[in-house]
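Topology and contacts: notes
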Amino acid sequence: MIREPLIFDLSDKGKRAFRVPELDVPVKKDVLQGIPMRRDIEGFPQVSEIEIVRHFTRLSRTNYCIDIGFYPLGSCTMKYNPKINEKIAGLAGFAGSHPSAPEDAVQGNLRLLKTLEILLTEITGMDVLTLQPTAGAQGELVGMLLIRACHSERGNPRKTVLIPDSAHGTNPSSAHICGYSVREIKSNDAGTVELADLDKAMNEDVAALMITNPNTLGVFEPDIQHICEIVHSKGGFVYMDGANMNALVGKCRPGDMGVDVIHLNLHKTFSTPHGGGGPGSGPVAVKKVLEPYLPVPVIEEMDGTYCFNYNRPLSIGKVRSFYGNFLVAVRALAYILSLGPSGLREVAEMAVLNSNYIRKSLENAYHLKYKTSTLHECVFSDKYQREYGVKNIDIAKRLIDYGVHPPTMSFPLIVQGALMVEPTETESKRDLDLFIQAMESIALEAKKNPDLLKNAPHSSYVRRLDETQAARNPILRWMPESGGDSEKDERPK
Amino acid sequence: EKCTRVKGIEQKFDGPVFNEFVLEFNKPYKDVALSLKKAGILGGLGLAPDYPEIGNCALFCVTDKHSKEEIERLADALDTAM
């Protein structure tokens, strides 16, 4: 494929894509008197509309995405993004509304948000929910802030948060940003929380345990209720990272396990697009005890009329501009309503079945550190392939030549050379089999021709990038030849 | 200019404006907003919640997408509201 130039390289003087309509109000030349007016931006690309369309379309085609093929990125839940959700989010009343509009002008929107709150609360088995956080990690921070607010109101915010060694790195980060120190809890040979270690670590200085269930190995914590009891017995809260909710949705509820706070990822479990970095949504559901501390505003309903309530003296405050990512909420609600309870249950069942099919098919070709049953994802390692000098990154890069996006690499940290595979429920057996065949071929190639993997990918848009150089010497900005903006600015005299 | 020709409405600040401007009303803005709504116009952003010290003011925004006709319609609706 021919390398797409930068848009600056497509520029020719005098071309333009759009003309602002002629003014139909009288011209008043001195209206911006005294304001320094920029006359030119050196190097600003001058291109026609068709050139813009083609340039960005070609760029988009150099990217792999879920609409092109299998995307087994573990922990991300790269499921199909239903197009009906896009149509609904595009309805004028949703897409065209402004977050600053007064409440009486957006009753439909408020009702939609409240409905989603209620459904997600039911799905998680919790009592109330906020839709404000716009990412999973922000949801974690909000959850921890709620816990801190409650402990503080009781007279002692406490000092420490306990986190299993298999946790996602955002968990300790969120705890730390919230002002807590972190103590790691060991995993046992089954890959689950070592109860004795938790029991020893839990005391009245511990604000909370942050746990992922199923955990980052895809293993369900069989002692989750006992874990919650240990934490509760010393007055702590249990925070659950809901990133892996795709394995549980419709089948069991974190609230019933004893969890006090959970965040969800609408861009994972509830099918809204990942978008290459957003917009996402990380709602936080809590038990009643934490309700007073929820971020403002809270949506309330009385006699069929919805409003925002900012009068919440114990609230942790505002955590986001406006009300969260509204159109993401629209998509998630459309998804939930179109599947219904039985559809959501089927999501979890198929997600677990697909993952176990891959696991069983590849368990001889790739090492599995933990033999425990897994749910919607499983973690292989490169242990067998290291014998030939091949690492997980080489396997990942070679998968690209087979037209498949690599799995998550090197996470969780407790598995050296990890390859975390999460197929999700939206893949057919045909695509799973193609992935399995590709992985089996790569395992053979690792033995017979390791250099083929170490120099992969061979057939992609770009070859293997020098990531060290990219980190050390990034080129972040195109600059015109003269090195700066035009000097033709008019400055006030 | 069209809006401030309406009796009871003044431009709040003197400096040059780009795409939006603050208007001050000699009656509660919520009543003005209700009247605009009846005329099918979602009026400017009332500033009372965020700036109580200029409680009877609202921020109006006009872009290149608004025609002269629409601007004049707003001015007429404000006249009715006042």
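Refer to the structure presented above.
Report follows, based on the coordinates.

With that settled, consider the interface of chain A and chain B. Facing the twelve residues of chain A at the interface are eleven residues of chain B. Our count for the chain A to chain B interface comes out at two salt bridges. Glu1 of chain B serves as the salt-bridge partner of Lys28 of chain A, at 2.8 Å between the closest nitrogen and oxygen. Joining chain A to chain B, the criterion identifies three residue pairs in polar contact (both at pLDDT 80 or more). Classifying every residue of the side of chain A that touches chain B gives eight nonpolar, one polar and three charged.

Before going further, it helps to examine the packing of helix 1 (residues 29-38) of chain B against helix 2 (residues 68-81) of chain B. All names here are of chain B. Relative to each other, helix 1 and helix 2 sit at 125 degrees, their axes nearing to 9 Å. In this view, helix 1 runs oblique relative to helix 2, as classed from their interaxial angle. Considering only the axes of helix 1 and helix 2, their crossing is right-handed. In contact with Val32, Ser35 and Leu36 of helix 1, helix 2 contributes Leu74, Ala77, Leu78, Thr80 and Ala81.

Turning our eyes to something else, we now look at the sheet that holds strand 2 (residues 20-25) of chain B. Residue and element names in this part refer to chain B. Taking strand neighbours across the sheet as the criterion, the four strands line up as 1-2-4-3 in an open arrangement whose pairing is antiparallel. Because the sheet does not close on itself, it has two edges, and the strands there are strand 1 (9-11) and strand 3 (45-46). Sheet analysis places strand 2 next to strand 4 (residues 57-61), joined by five bridges and oriented antiparallel. Bridge pairing in strand 4 links Glu24 to Cys57. In this fold helix 1 packs onto strand 2, strand 3 and strand 4, with an angle of close to 40 degrees to the strand it touches most, strand 4.

Relative to the elements of secondary structure, Gln385 of chain A occurs in helix 11 (residues 383-386). Setting aside anything within four residues of it in sequence, one finds Gln385 of chain A in contact with Ala365, Tyr366, Val390, Ile395, Ala443 and Ala446 of chain A.

Take unusual backbone geometry next. Residues and elements named next belong to chain A. Pro279 follows Gly278 through a cis peptide bond whose omega is 5 degrees. Between Ala456 and Pro457 the backbone carries a cis peptide bond, its omega angle lying at 5 degrees. Position of Pro457 among the secondary structure elements: in the loop between helix 14 (450-454) and helix 15 (467-472). Positive phi is not limited to glycine here, since Ser75 has a value of about 80 degrees. Here Ser75 shows up in the loop between helix 1 (49-61) and helix 2 (83-89).

Procedures and definitions
- Residues numbered from 1 in each chain as written.
- Chains lettered and ligands numbered in written order.
- Predicted model: local features only at pLDDT ≥ 70, side-chain atom pairs only at ≥ 80, totals over all residues.
- Heavy atoms only, no water.
- Contact = heavy atoms within 4.5 Å.
- Salt bridge = Lys/Arg side-chain N within 4 Å of Asp/Glu carboxyl O.
- Polar contact = N/O pair within 3.5 Å; in protein donor to acceptor, adjacent residues only side chain to side chain.
- Nonpolar A, V, L, I, M, F, W, Y, C, P; charged D, E, K, R; others polar.
- Axes fitted to C-alpha atoms, helices over the stretch in contact; angles between N-to-C directions.
- Helix = DSSP H or I, 4+ residues; strand = E, 2+ residues; numbered from the N terminus.
- Parallel < 35°, antiparallel > 145°, perpendicular 65-115°, else oblique.
- Left-handed = near helix turned anticlockwise from the far one by under 90°.
- Pairing = 2+ DSSP bridges.

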